[in-house]
Amino acid sequence: MIVPFLSLEEVTALHGAEINEAVTRTVNSGWYLQGKENKTFEKHFAEYVGAKYCVGCANGLDALTLIFRAYKEMGVMKEGDEVIVPANTFIATVLAITDNGLVPVLCEPKEETLEIDDEQIEGLITPKTKAIALVHLYGRNAYTDRIGELCRKYNLKLVQDCAQSHGLKVNASCAHQVSPHRGDLEGSLVGSFAYSFYPGKNLGALGDGGAVTTDDEELATIIRALANYGSQTKYIFDYEGRNSRLDEIQAAVLDVKLRYLDEDNAHRQMIARYYYDNISNPLVTLPQRLDDTQNVYHIFPVLVAPDHRAALQEHLANNGIGTIIHYPVAPHQQQCYANAPWNKYNTPTADARQLPITESLASRELSLPIGPTITLAQAHHVVEQINKYMR
Ligand SMILES: Cc1ncc(COP(=O)(O)O)c(C=O)c1O
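Fair warning: this is a prediction, and the values are worked out from it, not measured in the lab.

(A) View of the overall build of the protein chain. Looking only at helices and strands, the protein chain has 14 helices and 12 strands in total. Over its C-alpha atoms the protein chain spans a radius of gyration of 21 Å, differing by no more than 12% from the 21 Å that the globule rule assigns to 391 residues. Here the C-alpha coordinates of the protein chain stretch approximately 65 × 60 × 40 Å along the principal axes. When the 391 residues of the protein chain are sorted by exposure, 58% land in the buried category. Sequence separation of 24 or more characterises 73% of the internal contacts of the protein chain that already satisfy a separation of 6 or more. Of the accessible surface of the protein chain, which amounts to about 16,200 Å², a share of 52% is contributed by carbon and sulfur atoms. Here the protein chain contributes 34 positively and 48 negatively charged side chains, and the mean placements of these two sets differ by 2 Å.

The structure is reproduced here in structure tokens:
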């Protein structure tokens, strides 16, 4: 039996007729940017997440980068200010910070949850700290009340990287959002949320796409301008902007797929339940189990003893099962940051900092197949082969 890590062909085919209709309609419309498909999708996505504003942009990295850039325009932060970010995130979260001349302060995750360790955040806060970049990595909710309290106490912005968490239902009545959209952090903080619609995401386009959602009108207005050369009125440029727009075809496709997001996530949750209930190989550790309001299983990570990971991956491949590592090298160990002045995490200097959990996770993580098209029979095959490994 073949179990691909993710078959985008099958994912698209799930709603193929409607997607084709949406693409054809847009192609035939003769209007490809900043048109009614964007307006419709932005309205629907804002409603879905419970936000006042949604601004489409070119990709998830831009969504994050534009948020920090807009906060700089608003005078909330300036170059050299610090942003606390989980050390085990995908590099884009860190790139958005450094691209803005801000300083990433890397925080260890918790071994059991793989999410930022909220007990370590306060120790990293300095007078220069202006934000926490919270990443709901793998589709797991990373927000805790403690993080909200720290934002209030130190007047920090909460920038949430939701690239892997579309549809996360943290509040029963609210499609995915945590406190900021609900007003719980009223006054001191209105959050911002960055989405990627990279094809493999829970809500994926047929190419690149991204969006920012927020209740902050000023932030939304500035981001919309920044993403359109810095312009709010045609040929008048208030900011030194860039071109980062969601095109009409992608918006039309996303609007179709948004209708099925909850259904697709429920399917992921069903597969995840099967994995949790049946994987029993002692060499494989599963992260802390969360209920379905707390996890949309963008990725199903397991931890394998480091000297077994490659062999297990090979064993699974030999049995037709695709796996991927998210991520083999943490951002602070990447060449691009080897000489970054803020990167005290690699060098054996007096002020060296250590990230042992992040580095250990990078050597042990393995992601199993999960997605809206994986069948229970395929999940059964994955479990059987994992449980057979070395036994
Ligand atoms: C956590 C996280 N942040 C940001 C991004 C960047 O999104 P994009 O690929 O759309 O630029 C991704 C995914 O690629 C991601 O997984």
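(B) Layout of the site of the ligand. Surveying the vicinity of the ligand reveals 13 residues, the closest of which are Gly-60, Asp-161, Gln-164, Ser-196 and Lys-201. Contact distances for the ligand include 2.7 Å between a nitrogen atom and a side-chain N or O atom of Asp-161. Between the ligand and Ser-196, the relevant distance is 2.7 Å, taken from an oxygen atom to a side-chain nitrogen or oxygen of the residue. If you tally residues by element for the shell around the ligand, the top one is helix H4 (residues 60-73), at 3 residues. Residues that form the shell around the ligand fall into these classes: 7 nonpolar, 4 polar and 2 charged.

(C) Region of the structure containing the sheet that holds strand E12 (residues 365-368). Here we have 3 strands laid out as an open sheet, ordered E10-E11-E12, and antiparallel in their pairing. With one partner strand each, in any of the chains shown, strand E10 (284-285) and E12 form the two edges of the open sheet. As defined by bridge partners, E10 adjoins strand E11 (residues 300-304) across 2 bridges and the pair is classed as antiparallel. Of the residues in E11, the one forming a bridge with Val-284 is Val-304. Running over the sheet, helix H12 (residues 306-318) touches E10, E11 and E12 and is turned about 25° from E12.

(D) Spatial organisation of the pairing of strand E4 (residues 129-135). Among the 7 residues in E4, 7 count as buried, and that is most of the element. Where strand E2 (residues 82-86) lies against E4, 3 bridges are found, and the strand directions are parallel. Following the sheet pairing, Ile-84 is matched in E4 by Ile-132. In terms of strand pairing, E4 meets strand E5 (residues 157-161) through 5 bridges, oriented parallel. Paired with Ala-131 across the strands is Lys-157, a residue of E5. Between the parallel elements E4 and E5, the chain passes through helix H7 (residues 145-154) in a crossover that is right-handed.

(E) Here's a closer look at the state of the cysteines. Using the criterion set out here, one finds 0 disulfides in the structure. Here Cys-54 stays free of any disulfide, with the sulfur of Cys-57 as its closest cysteine sulfur at 8.8 Å. Taking relative accessible area as the criterion, Cys-54 reaches 6% and is therefore assigned buried.

(F) Fine view of helix H14 (residues 376-388). The first and last C-alpha atoms of H14 sit 18 Å apart over 13 residues, in line with the 18 Å expected at 1.5 Å per residue. Looking at H14, one finds that the buried residues are Gln-378, Ala-379, His-381, Val-382, Val-383, Gln-385, Ile-386 and Asn-387. Here the buried face of H14 lies against helix H11 (261-278), E10, H12 and E12. Backbone geometry just after H14 places Met-390 at a positive phi near 65°.

(G) Quick peek at the packing of H11 against H14. For the pair H11 and H14, the least separation of the axes is 10 Å and the interaxial angle reads 25°. The angle between H11 and H14 places the two elements in the roughly parallel class. In this structure, H11 crosses over H14, and the sense of that crossing is right-handed. Contacts from Met-270, Ile-271, Tyr-274, Tyr-275 and Asn-278 in H11 reach Leu-376, Ala-379, His-380, Val-382, Val-383 and Asn-387 in H14. Residue composition of the contact of H11 with H14, by class: 8 nonpolar, 3 polar and no charged.

(H) Representation of the domain arrangement of the protein chain within the structure. When its domains are assigned, the protein chain resolves into domain 1 (8-107 + 114-256) and domain 2 (261-388). For domain 1 versus domain 2, the separation of C-alpha centres amounts to 24 Å. Both faces considered, domain 1 and domain 2 share a buried interface measuring about 3,000 Å² in area, 60% of it formed by carbon and sulfur atoms. Contact with domain 2 buries surface across domain 1, with Tyr-138, Arg-140 and Asn-202 losing the most and accounting together for 24% of the total. Across the contact surface, domain 1 and domain 2 share 0 salt bridges. At the junction of domain 1 with domain 2, the criterion picks out 16 residue pairs in polar contact (both at pLDDT 80 or more). Classifying every residue of the side of domain 1 that touches domain 2 gives 17 nonpolar, 12 polar and 4 charged.

(I) Focus on helix H13 (residues 356-364). Restricting attention to buried positions, one finds in H13 the residues Thr-358, Leu-361, Ala-362 and Arg-364. The inward-facing, buried residues of H13 abut E11, H12 and E12.

Rules used in this analysis
- Residues numbered from 1 in each chain as written.
- Predicted model: local features only at pLDDT ≥ 70, side-chain atom pairs only at ≥ 80, totals over all residues.
- Heavy atoms only, no water.
- Helix = DSSP H or I, 4+ residues; strand = E, 2+ residues; numbered from the N terminus.
- Rg over C-alpha atoms; globule rule 2.2 N^0.38 Å.
- Buried < 20%, exposed > 50% of the residue type's maximum accessible area, 1.4 Å probe, protein only.
- Contact = heavy atoms within 4.5 Å.
- Areas by Shrake-Rupley, 256 points an atom, 1.4 Å probe, with all protein chains shown as cover.
- Lys, Arg positive; Asp, Glu negative; His and termini not counted.
- Charge placed at Lys NZ, Arg CZ, Asp CG, Glu CD.
- Near = heavy atom within 4 Å.
- Polar contact = N/O pair within 3.5 Å; in protein donor to acceptor, adjacent residues only side chain to side chain.
- Nonpolar A, V, L, I, M, F, W, Y, C, P; charged D, E, K, R; others polar.
- Pairing = 2+ DSSP bridges.
- Axes fitted to C-alpha atoms, helices over the stretch in contact; angles between N-to-C directions.
- Right-handed = clockwise from strand over helix to strand, strands pointing away.
- Disulfide = S-S within 2.5 Å.
- Expected span 1.5 Å × (residues − 1).
- Parallel < 35°, antiparallel > 145°, perpendicular 65-115°, else oblique.
- Left-handed = near helix turned anticlockwise from the far one by under 90°.
- Domains from an automatic or database assignment.
- Buried area = accessible area lost by both parts, 1.4 Å probe.
- Salt bridge = Lys/Arg side-chain N within 4 Å of Asp/Glu carboxyl O.

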